[in-house]
Amino acid sequence: MKSGLKHTPLGYFSFFYKSMGNKLVFNILLATTLGLLDGVGLALFIPLLQFVNDSSGIATGESMGGLRFILNGFENLGVPVNLFSVLSLMVIIFSAKGALNYWLSMEQVDLRQKYMVKLRLGQIKQLGQLSYRGFLTLDAGKIQNAITAEVGKNLQAMIQFLAATKASIVLVAYVVLAFLANWQFALFIMLGGFLSSFIYRRIIESVKTSSIEISRRGNLFNNFVIQCIHHFKYLKATNHFKLYAVKLQDVINEVEKLNRKIGKNQAITASTREPIIIFIVAIVILVQTNYLGASLGSILLSLLLFYRALNGLVLLQNTWQSFMQNVGGLQAVSDLSTSMQQFQEQEAATPIPKFRSQITLRELYFAYGEKLVLKGVDLNIQRNETIALVGESGSGKSTLVNIICALMAPTKGQLLVDGHSPYAYNIDSYRAQIGYITQEPIIFNDSVFNNVTFWAPPTTENVARFWEVIEKVALKDTVNNMGQKEDTLLGDNGMLISGGQKQRISIARELYKDVELLIMDEATSALDSETEGFVQESINQLKGAYTIIIIAHRLSTIKHADRIYLLEDGKISGQGRFEELIKNSSRFYRMASLQNIH
Ligand SMILES: Nc1ncnc2c1ncn2[C@@H]1O[C@H](COP(=O)(O)OP(=O)(O)OP(=O)(O)O)[C@@H](O)[C@H]1O
């Protein structure tokens, strides 16, 4: 996918500008003023002091070259050029510089904080707006890596970018002053500077490539870690952990090799820059004094300025290299943002009216890419009816439910809720009416109360409602017997409670939410038969009070459904009550026989 990030200084600027706007420009302007004060301040005072102090041949200001305008400035203002006036001005300028430095530092603290908050909130917002299909397309490791690790590199990149901007401004200021002092000398040194930068260009390019590669490997690493944590129990129980860890080891080693390469490049640049620069300066001084007959005074002055300019250059190259080390983070965050934008859900503002009468699927087709999965499904679900979807694995049950939840739009045909397409309305307002109970119960690492109420404030009303739904799913005694009652923590992924309890808490959450449509995706299949019986009882009690769609493999759980739809290869091949289907569908009869249910 094409990223929105352009790898040029202007491209980087516009990347940061998108997040920070004029605050970034203001920061750069402040840094510029400070850089100029720093550069000009010191640069002016050295020749001035030299002038004031020196009673010999350079008292005419000759060695100041083009900088003689400073002397003229003093004269024009009627200020005598003496030690006192020069020192006073020096104190004023450097006090102003101190104040400005404080202002700039605080601005940068503010900028960093706002940048991070904005970037993180932006990512979370985009994730919330990401369509389910988009989520299936993107890689979980990439999302996690960009949101947790790469975002930190972005901050570093921004800090280095600002530092590099400041360094380049200081550099320009000194170069201009050095040109004013002795243009020939300045020209030679500039040539030398360009030559040395040319040598470092390849190194910087290599750092950038390594940085982008490290971020890419970071995606892979995160992907492995997510799976490793997710499947921890299996990996542990089967002693597969060690084998799996080898995959992690490879990525870790590759990333560290790249980091080593970056470190080596850094060492080369850090240790060779100064000798190269001094070498160039030495040659230029020799040529100037021996062949061009320049005065030593003017050479020394521009050398002084140039020494600072070269320091500025070193600083610029160092900060730019550090920036490049973090550029992979910019790339990763920008890539993710581009992908998430591409798969963003379109949101209409009007909420859909509350579900009152029926959900209809009309001539519905759905394809994953080229693969046609649903092939002309027609079905009608009346309010408060309990329907079941059965069919072989891969027949399209989950896909159909995903479409009913508006997680995926049909390729052809319509989903209508009371005659309205949810896509013409705010899609979240439709989903707010849906409760989803999955095969693996969803439990958050928090208290029972927060798990059920989804962090509602514990007002008297909410607590009463909590106990009401807890009673509905037959968990009242269980919760009362817990150490901290409703405030008892359930542990990571609900590890501290049984599978059946987890599932009932999941159901309670949906009931608390006050949904219209309850989807149960094999809600009891992960439970043992006794626990299944308890949970099934809780579910049966909900029949008639909610519109329920059950995806079931175990036919015993749907004996009392108002209507059962048999899906075969993406089409509905039979429908009716349990007994009717047994009579009318030989396939359903076979399925029931295999499970010893008649
Ligand atoms: N994200 C996807 N990308 C491509 N094909 C998919 C995707 N999800 C499902 N499919 C394919 O679509 C078909 C229907 O899958 P679906 O999960 O809807 O079936 P199902 O009846 O719910 O199966 P099961 O009972 O095993 O859960 C299958 O052939 C499956 O391989």
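What you see is a predicted model; the values in this text were computed from it and never measured. (Residues numbered from 1 in each chain as written. Predicted model: local features only at pLDDT ≥ 70, side-chain atom pairs only at ≥ 80, totals over all residues. Heavy atoms only, no water.)

S.K.: Can you explain the pairing of strand S9 (residues 571-576)? Please cite residues and give values.
M.R.: Summarising the sheet, strand S8 (residues 563-568) and S9 pair through five bridges and their orientation is antiparallel. The partner of Tyr565 across the bridge, within S9, is Gln575. If you look at the hairpin formed by S8 and S9, you'll find two residues sitting between the two strands, and Asp569 has a positive phi there, around 45°. (Pairing = 2+ DSSP bridges. Helix = DSSP H or I, 4+ residues; strand = E, 2+ residues; numbered from the N terminus.)

S.K.: How would you summarise a nonpolar patch on the surface if you had to cite specific residues and measurements?
M.R.: Taken together, the side chains of Phe69, Val172, Val176 and Leu180 make up a nonpolar region of the molecular surface, amounting to roughly 340 Å² of accessible area. Here the element with the most residues in the nonpolar patch is helix H6 (residues 140-181); it accounts for three residues. Its place among the elements puts Val172 in helix H6. (Patch = residues over 30% accessible without salt bridge, like charges linked within 9 Å, V, L, I, M, F, W, Y side chains within 5 Å. Areas by Shrake-Rupley, 256 points an atom, 1.4 Å probe, with all protein chains shown as cover. Salt bridge = Lys/Arg side-chain N within 4 Å of Asp/Glu carboxyl O.)

S.K.: Residue-level account of the packing of helix H15 (residues 460-472) against helix H17 (residues 499-512), with values.
M.R.: Angle between the axes and distance between the axes: these two values describe a pair of packed helices. At a minimum axis separation of 9 Å, H15 and H17 run at an interaxial angle of 130°. Relative to H17, the element H15 lies oblique. Relative to H17, the crossing made by H15 is right-handed. For the pair formed by H15 and H17, the contact residues are Asn462, Arg465, Phe466, Val469, Ile470 and Lys472 on the first element and Ala508, Leu511 and Tyr512 on the second. (Axes fitted to C-alpha atoms, helices over the stretch in contact; angles between N-to-C directions. Parallel < 35°, antiparallel > 145°, perpendicular 65-115°, else oblique. Left-handed = near helix turned anticlockwise from the far one by under 90°. Contact = heavy atoms within 4.5 Å.)

S.K.: Any chance you could break down the nonpolar core for me, citing the residues and the numbers?
M.R.: In this structure, Tyr12, Phe16, Tyr115, Trp320, Phe323, Met324 and Leu330 are the most contacted members of the largest nonpolar core, which totals 57 residues. If you list the elements that add at least two residues to this core, you get helix H1 (9-20), helix H2 (22-53), helix H4 (83-129), H6, helix H7 (183-230), helix H9 (241-292), helix H10 (296-325) and helix H11 (327-342). Ranked by residues supplied to this core, first place goes to H6 with 16 residues. Residues in contact with Trp320, not counting those within four places in the same chain, are Pro9, Tyr12, Phe161, Ala164 and Ile204. Within the second largest apolar cluster, 43 residues are counted, among which are Phe449, Trp467, Ile550 and Ala561. (Core = buried A, V, L, I, M, F, W, Y, C linked by side-chain atoms within 4.5 Å. Buried < 20%, exposed > 50% of the residue type's maximum accessible area, 1.4 Å probe, protein only.)

S.K.: Let's hear about the site of the ligand: which residues, and what values?
M.R.: Not every one of the 13 residues close to the ligand is listed here, only the nearest: Ser393, Gly394, Lys397, Ser398 and Thr399. In the model, an oxygen atom of the ligand is placed 2.6 Å from a nitrogen or oxygen of the Ser393 side chain. Within the backbone of Gly396, an N or O atom sits 3.0 Å from an oxygen atom of the ligand. Secondary structure elements with two or more residues in the shell around the ligand: strand S2 (371-382) and helix H12 (397-404). In terms of residue count, H12 provides more of the shell around the ligand than any other element does, three residues in total. When its residues are assigned to classes, the shell around the ligand shows three nonpolar, seven polar and three charged. (Near = heavy atom within 4 Å. Polar contact = N/O pair within 3.5 Å; in protein donor to acceptor, adjacent residues only side chain to side chain. Nonpolar A, V, L, I, M, F, W, Y, C, P; charged D, E, K, R; others polar.)

S.K.: How would you explain helix H20 (residues 586-594) if you had to name every residue and give the values?
M.R.: The complete set of buried residues in H20 reads Phe588, Met591 and Ala592. Projected onto a plane normal to the axis of H20, the buried residues spread over an arc of 95° and lie on a single side. Facing away from the buried surface of H20 by more than 90 degrees, the exposed residues are Ser586 and Leu594. Where H20 is buried, its residues meet strand S3 (386-391), S8 and helix H19 (578-584). (Arc of directions from axis to C-beta.)

Interpretation in functional terms is not warranted from these geometric data alone.
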